[in-house]
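# Notes for the structure review
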Amino acid sequence: MIRIARTTVGVLAAVAGGAALAFAAAPAASAAPQVSICPGLPGQSASTDTCEVSSGPTGLTLAITIDGGVATVTGDNFSGPAAIALGDGAVVNMTGQNPGLSIGIAGPGAEVTVDGRSAPTCDNGAGFAGDFQTGKGCLNTGMMTIPLG
């Protein structure tokens, strides 16, 4: 019995020592990502500091922001726009005006815009937009923009 207790104490001490070394060797612990989610069922609106949605009687909207991104979404007339803004300076503006789904995703510093009437735009960094309202989209690799559709 004493042998088991000594072995258990030894193992616990080794694990605690290893954890202390790993913690001390880590350059800096990063904070958990700051996530905001704004859903909008038909006839609803929602907002936080970084996202805002508004759905008409026949719209369905969603905005998600992470670590400083900003997203604004409005939708009606059987549209379903969704926006995801990932990182500092990421901006996504979505408007659903015609029947169909659309999605916009922007990385840090990028701006993605879908207006539901003309081709989406993807500017200033990595981003993507796909719009079934217009049948068009765009992809920005961070170095160039590629129109889709």
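Anyway, here's the lowdown on the structure attached to this text. Keep in mind that what you see is a predicted model, and the values were worked out from it rather than measured. (Residues numbered from 1 in each chain as written. Predicted model: local features only at pLDDT ≥ 70, side-chain atom pairs only at ≥ 80, totals over all residues. Heavy atoms only, no water.)

Scanning the chain from N- to C-terminus turns up 1 helix and 13 strands. Counting helices and strands in the order they occur from the N terminus, the chain gives α-β-β-β-β-β-β-β-β-β-β-β-β-β. Relative to its 149 residues, the chain shows a buried fraction of 31%. Taking the contacts inside the chain whose residues are at least 6 apart along the sequence as the reference set, 12% of them involve residues at least 24 apart. (Helix = DSSP H or I, 4+ residues; strand = E, 2+ residues; numbered from the N terminus. Buried < 20%, exposed > 50% of the residue type's maximum accessible area, 1.4 Å probe, protein only. Contact = heavy atoms within 4.5 Å.)

Okay, the sheet that holds strand E6 (residues 79–86) next. Across a sheet, paired strands are connected by hydrogen bonds in the backbone, their directions being either parallel or antiparallel. An order of E1-E4-E6-E8-E11-E12-E13 is seen for the 7 strands of this open sheet, with the pairing classed as mixed. Two strands in the sheet have a free side with no partner beyond their single neighbour: strand E1 (35–40) and strand E13 (145–148). Direction aside, neighbouring strands of the sheet carry axes that sit 5° apart on average. (Pairing = 2+ DSSP bridges. Axes fitted to C-alpha atoms, helices over the stretch in contact; angles between N-to-C directions.)

Turning next to a nonpolar patch on the surface. Nonpolar side chains collect at one region of the surface, where Phe128, Leu139, Met143, Met144, Ile146 and Leu148 lie side by side and expose about 560 Å² of accessible area between them. Relative to the helices and strands, Leu139 resides in strand E12 (residues 136–140). The exposure class of Leu139 is partly exposed, given its relative accessible area of 33%. (Patch = residues over 30% accessible without salt bridge, like charges linked within 9 Å, V, L, I, M, F, W, Y side chains within 5 Å. Areas by Shrake-Rupley, 256 points an atom, 1.4 Å probe, with all protein chains shown as cover. Salt bridge = Lys/Arg side-chain N within 4 Å of Asp/Glu carboxyl O.)

This part covers the nonpolar core. Core analysis: the largest hydrophobic core is formed by 18 residues, its most contacted members being Ala63 and Val92. At the level of secondary structure, the elements contributing two or more residues to this core comprise strand E3 (51–55), strand E5 (70–75), E6, strand E7 (91–96) and strand E9 (111–114). For Val92, the residues in contact, after removing those within four places along its chain, are Val70, Ala71, Thr72, Ala83, Ile84, Ala85, Gly104, Ile105, Ala106 and Val112. (Core = buried A, V, L, I, M, F, W, Y, C linked by side-chain atoms within 4.5 Å.)

A word on the pairing of strand E8 (residues 100–106). Taking every second residue as pointing to the same face, the buried face of E8 carries Gly100, Ser102, Gly104 and Ala106, while none of Leu101, Ile103 and Ile105 on the other face is buried. By the bridge criterion, 7 bridges tie E6 to E8 in an arrangement that is parallel. Counterpart to Ala82 in the pairing with E8 is Ile103.

Right, let's get into the sheet that holds E3. Pairing is mixed in the open sheet, where 6 strands are placed in the order E2-E3-E5-E7-E9-E10. Here the strands that pair on one side only, and so sit at the sheet edges, are strand E2 (45–47) and strand E10 (121–123). Averaged over all adjacent pairs, the angle separating strand axes in this sheet is 5°, with direction ignored. In the sheet, E2 pairs with E3 via 3 bridges, with the strands oriented antiparallel. Bridged to Ser45 within E3 is Ser54.

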